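# Remarks on the overall topology
Each chain is listed here by its residues.
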Protein chains: 2
Amino acid sequence: MPIRLTSRDADFAQRFAALLETKREVSEDVDRAVAEIIADVRARGDAALYDLTLRFDRVDLTGVGLQVSASEIAAARGEIDAPTLAALELAAERIRSHHARQMPKDDVYTDALGVTLGSRWSAIEAVGLYVPGGTASYPSSVLMNAVPAKVAGVDRVVMVVPTPDGRLNPLVLAAADLAGVDEVWRIGGAQAVAALAYGTESIAPVAKIVGPGNAYVAAAKRRVFGKVGIDMIAGPSEVLIVADGNNDPEWLAADLLAQAEHDAAAQSILITDSPELADRVAAAVEAQIPMLGRAATARASWQDYGAIIVVDRLEQAVPLADRIAAEHLEVALDDPEPFAAQIRNAGAIFLGHHTPEAIGDYVGGSNHVLPTARSARFSSGLSVLDFVKRTSILRLDADGLRALGPAAMLLADAEGLDAHRRSVGIRLNR
Amino acid sequence: MPIRLTSRDADFAQRFAALLETKREVSEDVDRAVAEIIADVRARGDAALYDLTLRFDRVDLTGVGLQVSASEIAAARGEIDAPTLAALELAAERIRSHHARQMPKDDVYTDALGVTLGSRWSAIEAVGLYVPGGTASYPSSVLMNAVPAKVAGVDRVVMVVPTPDGRLNPLVLAAADLAGVDEVWRIGGAQAVAALAYGTESIAPVAKIVGPGNAYVAAAKRRVFGKVGIDMIAGPSEVLIVADGNNDPEWLAADLLAQAEHDAAAQSILITDSPELADRVAAAVEAQIPMLGRAATARASWQDYGAIIVVDRLEQAVPLADRIAAEHLEVALDDPEPFAAQIRNAGAIFLGHHTPEAIGDYVGGSNHVLPTARSARFSSGLSVLDFVKRTSILRLDADGLRALGPAAMLLADAEGLDAHRRSVGIRLNR
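Procedures and definitions
- Residues numbered from 1 in each chain as written.
- Chains lettered and ligands numbered in written order.
- Predicted model: local features only at pLDDT ≥ 70, side-chain atom pairs only at ≥ 80, totals over all residues.
- Heavy atoms only, no water.
- UniProt positions renumbered as here; feature names shortened; annotations may be inferred.
- Helix = DSSP H or I, 4+ residues; strand = E, 2+ residues; numbered from the N terminus.
- Buried < 20%, exposed > 50% of the residue type's maximum accessible area, 1.4 Å probe, protein only.
- Contact = heavy atoms within 4.5 Å.
- Axes fitted to C-alpha atoms, helices over the stretch in contact; angles between N-to-C directions.
- Parallel < 35°, antiparallel > 145°, perpendicular 65-115°, else oblique.
- Left-handed = near helix turned anticlockwise from the far one by under 90°.
- Nonpolar A, V, L, I, M, F, W, Y, C, P; charged D, E, K, R; others polar.
- Pairing = 2+ DSSP bridges.
- Buried area = accessible area lost by both parts, 1.4 Å probe.
- Salt bridge = Lys/Arg side-chain N within 4 Å of Asp/Glu carboxyl O.
- Polar contact = N/O pair within 3.5 Å; in protein donor to acceptor, adjacent residues only side chain to side chain.
- Least-squares fit on C-alpha atoms with pLDDT ≥ 70 in both.

Labelled according to an unreviewed UniProt entry, chain A appears under the name Histidinol dehydrogenase, originating from Siculibacillus lacustris. Entered under Pathway (unreviewed entry) in the UniProt record, the comment concerning chain A runs "Amino-acid biosynthesis; L-histidine biosynthesis; L-histidine from 5-phospho-alpha-D-ribose 1-diphosphate: step 9/9." The Function (unreviewed entry) field of the UniProt record for chain A holds the comment "Catalyzes the sequential NAD-dependent oxidations of L-histidinol to L-histidinaldehyde and then to L-histidine."

Below is the structure:
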């Protein structure tokens, strides 16, 4: 049974705090193994990649080589039925047009003192994209990571994807092709992260690595952080639905389960001011679970981490939602905007009765890579901003230096930085 | 002697690559100690802070308490001479007005299908600011971190600063006051980072931690990353000056030394097409070092990591500068813009002969927290964007769901995610 809380209960505050603190990630201690793998790739390059792939993915790449060829990618595209390919193209196009709006603009201006200053944006030159193998190998995830990189102007988008037992999802290759991925390598795990960060004989290094992965991949990304940039370390997914009594419990149950089916560690939470709806949703979830292909996963997630919270008034849900800081927040109200406008912490908000979160996973146009595990309190979903960087610009002429120099010299003095003061004073002849 | 390279030399490519790979950071193995400190603060809260501060900072806070009081801050402000306070105010005001331009704008729009989508920005609720103690306790750094946070709208800016042997720089407190810092705590090291991330009886936790620190602070930030957000892990500072023969070698020497005096691990590099200028700058550096209060530090940095690179033509400096990806790039040319426009990787660019980098450290208005150690290839200096986060917005009506739903269902099918498909289909009655 999922947890059920009622805001009127005397111990509500404590139980809600406990819900927030529930640890859903199994932190496997893989750091030592990962350190060894990275050292091996740095020392032996391609040879290490062949050996480690044989060991972990049970596939000998010495025949086919490390890189996926253009003809393999074309063949993969040919394997896909036309409606699915069209759906993938629709998704890519919507992601592209939405993310194009996110491109930041340069802002270089001259102020009242004649000082020119501002910001200039440029794309990262090369980005690595990690794509998991096996059942978590999602074409939508390829689009969500690669399309914004290309929109940003990244020259080289380099995808790595393991092929356990030699299997590679043709949809993943088709998505890479649609997104404009420049290179695809059939490697995975910490060894792929190491190859992207440090390079090998075959693979030129990148400047940043993005994309989801298992505990090994996450540990490897943490280790190479600094040498290259990384995106967030993604945790298990979660949804929070805020609903009044005017909702179809079947719809809400379907949405809760769409989250739960991802992962036994996923979390689905309903907050409602209607105890009746709470009961009916709980019943609908139980009724729907057996219909799912991934029933066992969904059941485990719902039983272990699911929660229904009944409040007296929906306004009480605002601070609760902000503390939960959900990756996905559905506001299932007839007039959802006033509620949503009060929310400060959420990765993405899905408004009204006809916006199931799954739309955002695929074809909404916004990004489905979103902050998990309460990190929406301090971070954002993936965007074009993750693939560009800003250079500050400053230019003074002699007059500007006369205006600002003395203050800089005083502050340099106050900080005991002689040479800082001298570098200004020598130009002002003092 | 600093290294000297000439682009005509047969081994230039190898020697330049070696220069890029030079490791300037001493990576102390402090991770185990830091893990113990964090666990202690989590377990014992304030009591651990008192004990650890006594141990590491040699100061017993049981009398004065953990928090710096308003009257102490007012008293500190009173200790500062009027011209220095005015300089600090000028710096704060210029930082404020520049960073106000960086506030991102919400962008929520309705597309041709009637789908409403976009981005909404909000400030992080609470941010911790680490300020080092002792000689590296810089008021300018307080302004550069705290002012953008306040411009972004952060409600609670919480500063921690150790007071080794009880000493606290009054300028640091004055800067905190000017910047609008909400709380100041006299703690430092990994224990301060732990207190900010997890909270104690006295200190409410924050959502993100920024600011420079020693190896313990950096290791602690890495450890709490995920629980809270962190800014970059800053490395030693560096400057690259690109100059033609038409420069005063004394000015350039002063700029190289302004970098070198920061830290024995700082790096100053000159690239020029004039062998004569190269010689004269080298001589000027030697002549100026003895004039500096921090002569020993500057000499160590220049001897160990300084470099002069002579190229045939200045255009050759463009790809070299992009590979160096310097934190600070000075373009000391009469007409610097055409050169600067070609640069892709730099934290900040200082243009012309009258923009010594020290202006950017204090009163330029742009931020002096910039990516070091070649990380300008993938990251940016501190800005208002580091203190806000973006929430995606998506709203479909019934028509929009009819338009997009079928494609989402196909992709959910392709990914084997039944419940995703059902959450859409149940609303379309299929």
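## Re the UniProt feature "binding site: Zn(2+)" (unreviewed entry) in chain A
Following the UniProt record, the feature "binding site: Zn(2+)" (unreviewed entry) maps to Gln 259, His 262, Asp 361 and His 420 of chain A here. Taken together, the annotated residues stretch across 162 residues and extend over separate regions, lying up to 55.5 Å apart by C-alpha. Mapped onto the elements, Gln 259 of chain A comes out in helix α10 (residues 249–260). Taking relative accessible area as the criterion, Gln 259 of chain A reaches 1% and is therefore assigned buried. Setting aside its immediate chain neighbours within four residues, Gln 259 of chain A contacts Ser 237, Glu 238, Val 239, Ala 266, Gln 267, Ser 268, Glu 327, His 328 and Glu 357 of chain A. Here Asp 361 of chain A lies in helix α15 (residues 357–362). Given a relative accessible area of 7%, Asp 361 of chain A falls into the buried group. Discounting chain neighbours no more than four positions away, the residues touching Asp 361 of chain A are Ser 140, Met 144, His 262, His 328 and His 368 of chain A together with His 420 of chain B.

## Some details on the packing of helix α4 (residues 70–79) of chain A against helix α7 (residues 170–179) of chain A
Packed helices, taken two at a time, are described by the angle between their axes plus the distance between the axes. All names here are of chain A. For the pair α4 and α7, the least separation of the axes is 8 Å and the interaxial angle reads 110 degrees. The orientation of α4 relative to α7 falls into the category roughly perpendicular. The way α4 lies across α7 gives a crossing that is left-handed. Here Glu 72, Ile 73, Ala 76, Arg 77 and Glu 79 of α4 lie close against α7, whose contacting residues are Pro 170, Leu 173, Ala 174, Asp 177 and Leu 178. Looking at side-chain class alone, the contact of α4 with α7 contains 6 nonpolar, no polar and 4 charged residues.

## Here's the deal with the sheet that holds strand β6 (residues 183–185) of chain B
Residues and elements named next belong to chain B. Read across the open sheet, the 5 strands follow the order β6-β5-β4-β7-β8; overall the sheet is parallel. Looking at the sheet topology across the chains shown, the edges are occupied by β6 and β8 (229–230). Relative to strand β5 (residues 156–160), strand β4 (residues 126–130) runs parallel, the two being bridged by 5 bridges. Within β5, the residue paired with Leu 129 across the bridge is Met 159.

## Examining the interface of chain B and chain A
Counting residues at the interface gives 123 residues for chain B, matched by 123 residues for chain A. Between chain B and chain A, a total of about 10500 Å² is buried, with carbon and sulfur atoms accounting for 55% of that surface. In terms of surface lost to chain A, no three residues of chain B exceed Arg 344, Phe 378 and Arg 427 of chain B, which account for 8% of the buried area on that side. One salt bridge in this structure joins Arg 94 of chain A and Asp 111 of chain B, with 2.7 Å as the shortest N-O distance. Counting the contacts that link chain B with chain A gives 73 residue pairs in polar contact (both at pLDDT 80 or more). The element contributing the most residues to the side of chain B that touches chain A is helix α16 (residues 398–414) of chain B, with 10 residues.

## Looking at the relation of the copies chain B and chain A
Rotating chain B by 180 degrees and translating it 0.0 Å along the rotation axis places it on chain A, where the RMSD comes to 0.0 Å. Considering both components of the superposition, the chain copies are consistent with a two-fold axis. Same-surface contact between copies: 100% of interface residues of chain B are shared with the interface of chain A.

## Focus: helix α9 (residues 215–224) of chain B
Residue and element names in this part refer to chain B. For α9, the complete set of buried residues consists of Val 217, Ala 218, Ala 219, Ala 220, Lys 221 and Val 224. The backbone nitrogen of Tyr 216 lies 3.0 Å from a side-chain oxygen of the residue at the head of α9, namely Asn 214. Gly 226 sits one or two positions beyond α9 and adopts a positive phi of about 120 degrees.

## Observations regarding the pairing of strand β11 (residues 307–310) of chain A
Residue and element names in this part refer to chain A. Burial along β11 is two-sided: the residues Ala 307 and Ile 309 and Ile 308 and Val 310 are all buried. Sheet topology places strand β1 (residues 3–6) next to β11; 4 bridges connect them, and they run parallel. Within the sheet, the bridge partner assigned to Ile 3 lies in β11 and is Ala 307. Across 4 bridges, strand β10 (residues 267–272) lies against β11 in parallel orientation. Each bridged residue has a counterpart across the sheet, and for Ile 271 the counterpart in β11 is Ile 309.

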